[in-house]
Amino acid sequence: MSGRHEESGEYLMVAAAVYAAVGTNRLRSVEGMGFATSENPPTFENAARVVASAVEELPEPPDGPVVAERGEFYEEPEVKVEQFLGPSFKYVESIAERETVQAAHHAAYAARKLFL
């Protein structure tokens, strides 16, 4: 997710979901991406909703869990985040998951720059 900070009195959160094939220690391929935006303030609920919208925009539903860093959801418990996202959810545990999250961060940041 990118843009949880106020700029000129407004917010523009951009979330990117990356559908990827991963190995045990690396990102193998990106199969697709989904994007969503929100101009709402960056609360847990608003962040979870915009991420859920980005996941819905993926070319196909995820085969495995949605993965994110703890900070994206204000370190809320996984079960609370999962209630918003629908598919299973967990926080990053492996190198491959971290690389996938980094790809999503780069995509969200780039998309946000285009919107501004």
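Attention now moves to the overall build of the chain. When you go through the chain residue by residue, the secondary structure sums to three helices and four strands. Its C-alpha atoms give the chain principal-axis dimensions of roughly 45 × 30 × 25 Å. Buried residues in the chain amount to 41% of all 116 residues. Across the chain, every contact between residues at least 6 apart in sequence was considered, and the portion connecting residues at least 24 apart equals 60%. Within the structure as shown, the chain displays about 6,800 Å² of accessible surface, and the carbon and sulfur contribution to it stands at 47%. Measuring between centres, the 10 positive side-chain charges of the chain sit 5 Å from its 19 negative side-chain charges.

This paragraph deals with the packing of helix 1 (residues 44-56) against helix 2 (residues 78-85). In contact at an axis separation of 8 Å, helix 1 and helix 2 are set at 50° when each is read in the N-to-C sense. On the basis of the axis angle, helix 1 is oblique to helix 2. Two packed elements cross with a definite hand, and for helix 1 against helix 2 that hand is right-handed. Between helix 1 and helix 2, the contacting residues are Phe44, Glu45, Ala48, Arg49, Val51 and Ala52 on the first element and Lys80, Val81, Phe84 and Leu85 on the second.

Calculation criteria
Residues numbered from 1 in each chain as written. Predicted model: local features only at pLDDT ≥ 70, side-chain atom pairs only at ≥ 80, totals over all residues. Heavy atoms only, no water. Helix = DSSP H or I, 4+ residues; strand = E, 2+ residues; numbered from the N terminus. Buried < 20%, exposed > 50% of the residue type's maximum accessible area, 1.4 Å probe, protein only. Contact = heavy atoms within 4.5 Å. Areas by Shrake-Rupley, 256 points an atom, 1.4 Å probe, with all protein chains shown as cover. Lys, Arg positive; Asp, Glu negative; His and termini not counted. Charge placed at Lys NZ, Arg CZ, Asp CG, Glu CD. Axes fitted to C-alpha atoms, helices over the stretch in contact; angles between N-to-C directions. Parallel < 35°, antiparallel > 145°, perpendicular 65-115°, else oblique. Left-handed = near helix turned anticlockwise from the far one by under 90°.

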